[in-house]
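Survey of secondary and tertiary structure
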Amino acid sequence: RALVLDGVVPPTLALGSEHARNLEASLDLQFARCAQDATCAKRLGSPRQNLDALFAQLREAPPQVRFRDPLANSVVEETLSAGAVAAVVRLYAYTPAIAAMLPLSLHEAASGRPEMLAAQARMLSSMLGESIMHGMQLSVICTEDAPGLAVNPADAGTVIGNAMIEVLKAQCAVWPAGSLAPDFHAPLVSDAPVLLMSGEFDPVTPPRYAEQVLASLGKARHLVGKGQGHILLARGCTPRLAAEFVDKLDP
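The structure contained in this document is the topic of the report that follows. (Residues numbered from 1 in each chain as written. Predicted model: local features only at pLDDT ≥ 70, side-chain atom pairs only at ≥ 80, totals over all residues. Heavy atoms only, no water.)

Strand order across the open sheet formed by 3 strands is β1-β4-β5, with parallel pairing between neighbours. Pairing within the sheet leaves two strands with one partner each, and these edge strands are β1 (3-6) and β5 (217-225). With direction set aside, neighbouring strand axes in the sheet form an average angle of 20°. Taken together, the 4 bridges between β1 and strand β4 (residues 190-199) define a ladder with parallel strand orientation. (Pairing = 2+ DSSP bridges. Helix = DSSP H or I, 4+ residues; strand = E, 2+ residues; numbered from the N terminus. Axes fitted to C-alpha atoms, helices over the stretch in contact; angles between N-to-C directions.)

Here it is, written out as structure tokens:
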């Protein structure tokens, strides 16, 4: 009868193949907000320059950091790796309200105080391990996307580089994969009413993906939430707009 698609992926795309460049574009947009704010720019400097300097340091000599575990409230000591920081940056970028902490965290780390960033990395690692069913995730990815993933040399200098693709390809080499319908990657064609939604700063399903899907739909509209990240449906007035659409079928 009708479709609401939130955080849209074109069926023609191998999801993950553009994660590295999408994250860079999202960070550029979000970091620009600090540059445009006189107080943020003065006190915290350039988040991008701080991030680049931190990665250069971590790849050369990752430090041991003593900090308080934010979940267990115990003092721990761990190596702060480039991979751990990349995970924090990537996952925070999903939600701009949380990504707003990155300029401060990166400034602290670049100034020789990486404890805040180390605590955030430990918290994310613990919480994600409990919330993602990795077996199911691999069954989907190895069936639908892994065959279309390939290392891209152009992504080598980005925050996540090709690490995610390399790990997924290695995992899917041994993980069972299902079968796909012959038209699985065909564009979505429909005359049903469709409401597509994207967040302006989404680092994983950017607005241009929904624009690609919109091109083959007959009765559809694409809403982009300004200043929003991944998944728009719970934000602001969006639930009311989606409900009105489902009721009236008028995108």
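So, next bit.
Ranked by size, the top nonpolar core spans 30 residues in total, and within it L27, L51, V85, L102 and V159 carry the most contacts. Only α1 (19-35), α3 (47-60), β2 (64-68), α4 (82-92), α6 (102-110) and α7 (115-131) provide two or more residues apiece to this core. In terms of residue count, α4 provides more of this core than any other element does, 6 residues in total. When neighbours within four sequence positions are excluded, L102 is seen to be in contact with F31, V88, V89 and Y92. By size, the runner-up hydrophobic cluster in this structure holds 9 residues, among which are C142, A146, L149 and I165. (Core = buried A, V, L, I, M, F, W, Y, C linked by side-chain atoms within 4.5 Å. Buried < 20%, exposed > 50% of the residue type's maximum accessible area, 1.4 Å probe, protein only. Contact = heavy atoms within 4.5 Å.)

Oppositely charged side chains can form a pair if their charged atoms are brought close together. Using the criterion set out here, one finds 8 salt bridges in the structure. Two residues, E78 and R122, come together in a salt bridge whose shortest N-O distance is 2.1 Å. Of this pair, E78 sits in strand β3 (residues 75-79) while R122 sits in helix α7, and the two are 44 residues apart along the sequence. Using a relative accessible area of 29% as the deciding quantity, one classes E78 as partly exposed. Accessibility expressed as a relative area gives 26% for R122, which makes it partly exposed. What you see here is one network of salt bridges that share partners, running through E24, D28 and R48. (Salt bridge = Lys/Arg side-chain N within 4 Å of Asp/Glu carboxyl O.)

Our focus in this paragraph is α7. Spanning 17 residues, α7 covers 25 Å between terminal C-alpha atoms, matching the ideal 24 Å at 1.5 Å per step. Considered for burial, the residues of α7 that qualify are L117, A118, A119, Q120, A121 and L124. Summarising the contacts, the buried residues of α7 are in contact with α3, β2, α4 and α6. (Expected span 1.5 Å × (residues − 1).)

Let us now look at the state of the cysteines. Considering all chains together, one arrives at 2 disulfides under this definition. For C34, the disulfide goes to C40, at an S-S distance of 2.0 Å. Across the S-S bond of C34 and C40 the torsion is about -100°, and the bridge reads as left-handed. This pair shows no difference in class: C34 is buried, exactly as C40 is. In this model C142 forms its disulfide with C172; the gap between the sulfur atoms is 2.0 Å. Linking C142 and C172, the disulfide has an S-S dihedral of approximately -80° and is accordingly described as left-handed. You can see C142 sitting in helix α8 (residues 134-144) and its partner C172 sitting in helix α9 (residues 163-172), a full 30 residues away along the chain. We classify C142 as buried; its relative accessible area is 6%. (Disulfide = S-S within 2.5 Å.)

Purely geometric numbers; function is a separate question.
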